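# Structural overview
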Amino acid sequence: MLPTTVFPMIGGLLYIAGGMPTADVFTFLAGCGGIGAAVTIVVTGGRRLATALAHSVLAAASGK
């Protein structure tokens, strides 16, 4: 429940105080959410799923 309220507040602060463009704010928050999901998967013992997630992110980044 906490990220549901904190992420929009962080995005608003980055946009207003930091002058960060809206597209960059969404990219940053998506990255934070992805890292949080990956950490949760690894901590709960889903190493095989975390490996699959890492492979898919690398494939998407390389354009394959």
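Position labels on residues start from 1 in each chain and follow its written sequence. Only residues with pLDDT of at least 70 are given local features in this predicted model, and only at 80 or more are side-chain atom pairs given and counted; all residues enter the totals for whole chains, interfaces and linings. Computation of side-chain values: all heavy atoms of the structure, hydrogens and water removed.

### Considerations on the overall build of the protein chain
Secondary structure elements follow DSSP: runs of H or I of four or more residues count as helices, runs of E of two or more count as strands, with numbering from the N terminus. Along its length, the protein chain carries 3 helices and 0 strands. Secondary structure elements of the protein chain, listed N to C terminal, follow the sequence α-α-α. Each of the 64 residues in the protein chain was classed as buried or not, and the buried ones make up 8%. Residue-level accessible areas treat just the shown protein chains as cover; the underlying method is Shrake-Rupley with a 1.4 Å probe. Approximately 5,000 Å² of the protein chain is accessible, and the part contributed by carbon and sulfur atoms is 75%. The buried label goes to any residue with under 20% of its type's maximum accessible area, the exposed label to any with over 50%, and the partly exposed label to all in between, with areas taken from a 1.4 Å probe on protein chains only.

### Focus: the environment of Cys32
As for its position among the elements, Cys32 is in helix H2 (residues 22-43). Sequence separation of Cys32 and Phe7 is 25 residues, and the distance between their C-alpha atoms is 8.9 Å.

### Some words on a nonpolar patch on the surface
A residue counts toward a patch only above 30% relative accessible area and without a salt bridge, and it is joined to like-charged neighbours within 9 Å or, for Val, Leu, Ile, Met, Phe, Trp and Tyr, to nonpolar neighbours within 5 Å. A pairing counts as a salt bridge when a side-chain nitrogen of Lys or Arg comes within 4 Å of a carboxyl oxygen of Asp or Glu. Together, Ile35, Val39 and Val43 make up a nonpolar patch on the protein surface, roughly 310 Å² of accessible area in all. You can see Ile35 is positioned in helix H2. Looking at Ile35, the relative accessible area reads 56%, which means it is exposed.

### Some words on H2
By this rule the span expected of a helix is its residue count minus one, scaled by 1.5 Å. The end-to-end C-alpha distance of H2 is 32 Å, a good match for the 32 Å that 22 residues give at a rise of 1.5 Å each. Every buried residue of H2 is listed here: Val25, Leu29 and Ile41. Buried residues along H2 cover an arc of 140° about the axis, so they all sit on one side. Along H2, exposed side chains directed more than 90 degrees from the buried face belong to Ala23, Thr27 and Ile35. Read the arc as the range of directions from the helix axis to the C-beta atoms.

### A look at the environment of Ala30
By secondary structure assignment, the location of Ala30 is in helix H2. Each C-alpha atom, one on Ala30 and one on Phe7, is 9.5 Å from the other, the two residues being 23 residues apart in sequence.

### Structural notes on the confidence of the model for the protein chain
Reading predicted coordinates in detail is not appropriate for stretches of low pLDDT. Values of pLDDT, the confidence the predictor places in each residue, fall between 0 and 100. Averaged over the protein chain, the pLDDT score is 77; the fraction of residues at 70 or greater is 89%. When pLDDT is averaged over each helix and strand of the protein chain, the minimum, 74, is found for helix H1 (residues 2-16) and the maximum, 80, for helix H3 (residues 47-62).

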